[in-house]
Amino acid sequence: MFRRQVASLSRLQNLQMSTNAAPAPTSTAASSSEAINEFRTAVTNPGEHSALHVAKFYTIPVEQKKKIFGGGGLPKQYEQQIKTFNEACLMVRSPALELLHYIQNADLSKPAVRYVVYGANGVGKTLTMAHVLHYGSLNDFMLVHVPWVPNWMKRPKEAANSSTQEGFIDLPFDAAAWLVHFKTQNLKLLQQLDLKTSKEYVWSKRESTPAGSTLLELVEHGIARIKYASETTAALISEIKQLSNAGICKTMVIIDGFNAFFHPETRIFSDNKQRVTPDRITLTQPFLDITSYDWTNGICILSVDKIAMTEGYMASHMPRYLLGKEGFEHLDPFIPVHVDNYTDKEFYNYISYYLDRRWISKTPPGFEEQLKFMSNKNPYELMQLVKGL
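Below is a short write-up of the structure. (Residues numbered from 1 in each chain as written. Predicted model: local features only at pLDDT ≥ 70, side-chain atom pairs only at ≥ 80, totals over all residues. Heavy atoms only, no water.)

1. Thoughts on the packing of helix H3 (residues 62-69) against helix H8 (residues 172-193)
Right, on to step 1. For the pair H3 and H8, the least separation of the axes is 7 Å and the interaxial angle reads 145°. Contacts between H3 and H8 involve Lys66, Lys67 and Ile68 from the former and His181, Thr184 and Gln185 from the latter. (Axes fitted to C-alpha atoms, helices over the stretch in contact; angles between N-to-C directions. Helix = DSSP H or I, 4+ residues; strand = E, 2+ residues; numbered from the N terminus. Contact = heavy atoms within 4.5 Å.)

Quick look at the structure:
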């Protein structure tokens with residue numbers, strides 16, 4: 001009986017999912033307009049989103065999407081969907097609204113508050129943070145955004161011994177890529193505020209960045225001289241903390257997969273073929289420094305994720321387990337923000353969006369209920385079910 005049911009669901013899926021997406025035709029019928037309004041909102045500024053917009057999709061303008069997420073921050077499959085549908089749409093969900101409420105009512109003169117986003121696999125933690133990141137970009141926050149920490153710890157582009165810290169490992173290409181990402185996200189703000197360095201940074205006998213140089217010059221040095229990219233990143237983050245403390249700028253730190261900084265090991269090997277621990281990576285300490293509570297005019301939004309760990313450390317998605325004793329004490333006290341599977345309203349609006357995009361083309365009665373059963377309303381599982389075959 002069970003096998004027949006599974007076979008039936010598989011046949012239904014093959015019949016219902018079309019692999020050829022096409023833009024939905026424009027209709028002037030009132031009923032069509034009402035249907036679109038049920039799952040879309042014309043409000044594109046995250047700061048204006050409220051409970052009235054929950055479960056509705058809003059569109060991120062192309063230029064803003066390129067500026068904010070050009071260096072990462074959206075799941076790969078979601079990026080593919082954006083290319084397919086030729087629009088970047090995010091669903092307004094309660095966890096993002098909760099974070100936005102906290103941020104909008106925060107007293108930035110107090111020590112930086114840490115928010116920890118957590119939840120089971122595939123519930124939408126990264127997209128929740130993307131919604132908040134969009135808000136930060138539109139509201140003149142200096143963005144310190146790490147799209148996915150495990151990329152550094154599991155699959156770095158290159159690893160090299162640090163020339164300034166014995167026993168430490170530099171990730172020069174990853175550091176340079178992050179500096180490019182930082183520059184792209186914050187270029188307009190860096191030019192407007194004309195932020196200056198507080199001291200001279202000496203890189204070698206012949207190279208230095210004088211005190212009073214702009215942060216943009218500091219960033220461009222790290223990009224041009226990849227050898228010093230890790231040191232430049234540390235210097236940049238130190239300067240941002242000082243400038244925020246002085247009230248010259250306000251900073252939003254968003255780090256996805258933060259618990260990878262506290263994992264027992266990395267996939268990087270030292271010269272003696274031993275696995276290096278995260279605390280021996282030179283990029284780790286600067287981002288731990290900026291997620292401490294010893295500065296003001298800042299907000300830290302961090303996610304913890306089971307897939308940021310390696311095998312053998314995935315028993316729970318709760319922050320205490322994923323951060324471990326050291327990581328938990330580093331962030332304590334923090335405000336936890338839980339992300340869960342779709343609600344019924346979110347699920348049905350998600351299906352409505354795919355019908356509107358003509359990605360789902362055949363809809364026999366009850367197909368939504370079978371998709372709900374097969375996915376358990378998990379956003380990632382649902383996306384897998386309706387992706388191109």
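2. Focus: empty space enclosed by the protein
To locate leftover empty space, one rolls a probe as large as a water molecule over the atoms.
Right, on to step 1. Per the stated rule, a full pass over the model turns up three cavities of 30 Å³ or more.
Right, on to step 2. As a volume, the largest cavity reaches approximately 80 Å³.
Right, on to step 3. Lining of the largest cavity is provided by Met153, Lys154, Ala260, His263, Glu265, Thr266, Arg267, Pro278, Ala308, Met309 and Thr310.
Right, on to step 4. Of the residues contributing to the lining of the largest cavity, the split by class is five nonpolar, three polar and three charged.
Right, on to step 5. Space inside the second largest cavity adds up to approximately 50 Å³.
Right, on to step 6. Lining the second largest cavity, in full, are Gly73, Thr126, Met129, Ala130, His145, Pro147, Ile254 and Asp256.
Right, on to step 7. Grouping the amino acids of the lining of the second largest cavity by side-chain chemistry returns four nonpolar, three polar and one charged. (1 Å grid on protein atoms, 1.4 Å probe; cavity = no way out; pocket = protein on both sides within 12 Å on 5 of 7 lines; lining within 4 Å. Points joined across faces, edges and corners; volume = space filled by probe spheres on them. Nonpolar A, V, L, I, M, F, W, Y, C, P; charged D, E, K, R; others polar.)

3. Thoughts on a nonpolar patch on the surface
Right, on to step 1. A grouping of Tyr313, Met318 and Tyr321 is seen on the molecular surface, where their side chains present a nonpolar patch of about 260 Å² in accessible area.
Right, on to step 2. Checked against the element boundaries, Tyr321 lands in helix H12 (residues 319-331).
Right, on to step 3. For Tyr321, a relative accessible area of 33% corresponds to the partly exposed category. (Patch = residues over 30% accessible without salt bridge, like charges linked within 9 Å, V, L, I, M, F, W, Y side chains within 5 Å. Areas by Shrake-Rupley, 256 points an atom, 1.4 Å probe, with all protein chains shown as cover. Salt bridge = Lys/Arg side-chain N within 4 Å of Asp/Glu carboxyl O. Buried < 20%, exposed > 50% of the residue type's maximum accessible area, 1.4 Å probe, protein only.)

4. Overview of the pairing of strand E4 (residues 142-146)
Right, on to step 1. The buried fraction of E4 is high, at five of five residues.
Right, on to step 2. Alternating positions in E4 separate into two faces, Met142, Val144 and Val146 on one and Leu143 and His145 on the other, with burial throughout.
Right, on to step 3. In this structure, E4 lies alongside strand E9 (residues 251-255), joined through five bridges in parallel fashion. Bridged to Val144 within E9 is Val253. (Pairing = 2+ DSSP bridges.)

5. Some words on helix H15 (residues 379-386)
Right, on to step 1. Buried within H15 are the following residues: Pro379, Leu382, Met383, Leu385 and Val386. Along the axis of H15, the buried positions cluster into a sector of 160°, meaning they face one direction only.
Right, on to step 2. The opening residue of H15, the one whose side-chain oxygen lies 3.1 Å from the backbone nitrogen of Tyr380, is Asn378. (Arc of directions from axis to C-beta. Polar contact = N/O pair within 3.5 Å; in protein donor to acceptor, adjacent residues only side chain to side chain.)

6. Digging into the layout of surface pockets
Right, on to step 1. Taken as a whole, the largest pocket spans an internal volume of roughly 1400 Å³.
Right, on to step 2. Elements with a contribution of two residues or more to the lining of the largest pocket: helix H4 (76-85), strand E2 (88-91), helix H6 (125-138), helix H7 (150-154), H8, helix H13 (344-356) and H15.
Right, on to step 3. When its residues are assigned to classes, the lining of the largest pocket shows 24 nonpolar, 14 polar and ten charged.

7. What about the packing of aromatic side chains?
Right, on to step 1. Under the defined criterion, the tally for this structure stands at 20 aromatic pairs.
Right, on to step 2. Consider the rings of Phe57 and Tyr353, whose centres lie 4.5 Å apart with planes at 20°: the pair is stacked. Within this pair, whereas Phe57 is found in strand E1 (residues 57-60), its partner Tyr353 is found in helix H13, the two being separated by 296 residues in sequence. We note that Phe57, like Tyr353, is buried.
Right, on to step 3. A ring pair is formed by Trp178 and Phe287, whose centres lie 5.3 Å apart and whose planes are at 85°; its orientation type is edge-to-face. Of the two residues, Trp178 sits in helix H8 while Phe287 sits in helix H11 (residues 284-289), which places them 109 residues apart along the sequence. The same class applies to Trp178 and to Phe287, which are both buried.
Right, on to step 4. Ring-pair connections join several aromatic residues into one group, and the members of that group are Phe39, Phe57, Phe85, Tyr342, Tyr350, Tyr353, Tyr354 and Trp359.
Right, on to step 5. Above the plane of the ring of Phe141 lies Lys250, whose end atom (NZ or CZ) is 4.4 Å from the centre. (Phe/Tyr/Trp six-rings, centres within 6.5 Å; stacked < 30°, edge-to-face > 60°. Lys NZ or Arg CZ within 6 Å of the ring centre and 35° of its normal.)

Shape descriptors only; they carry no functional weight alone.
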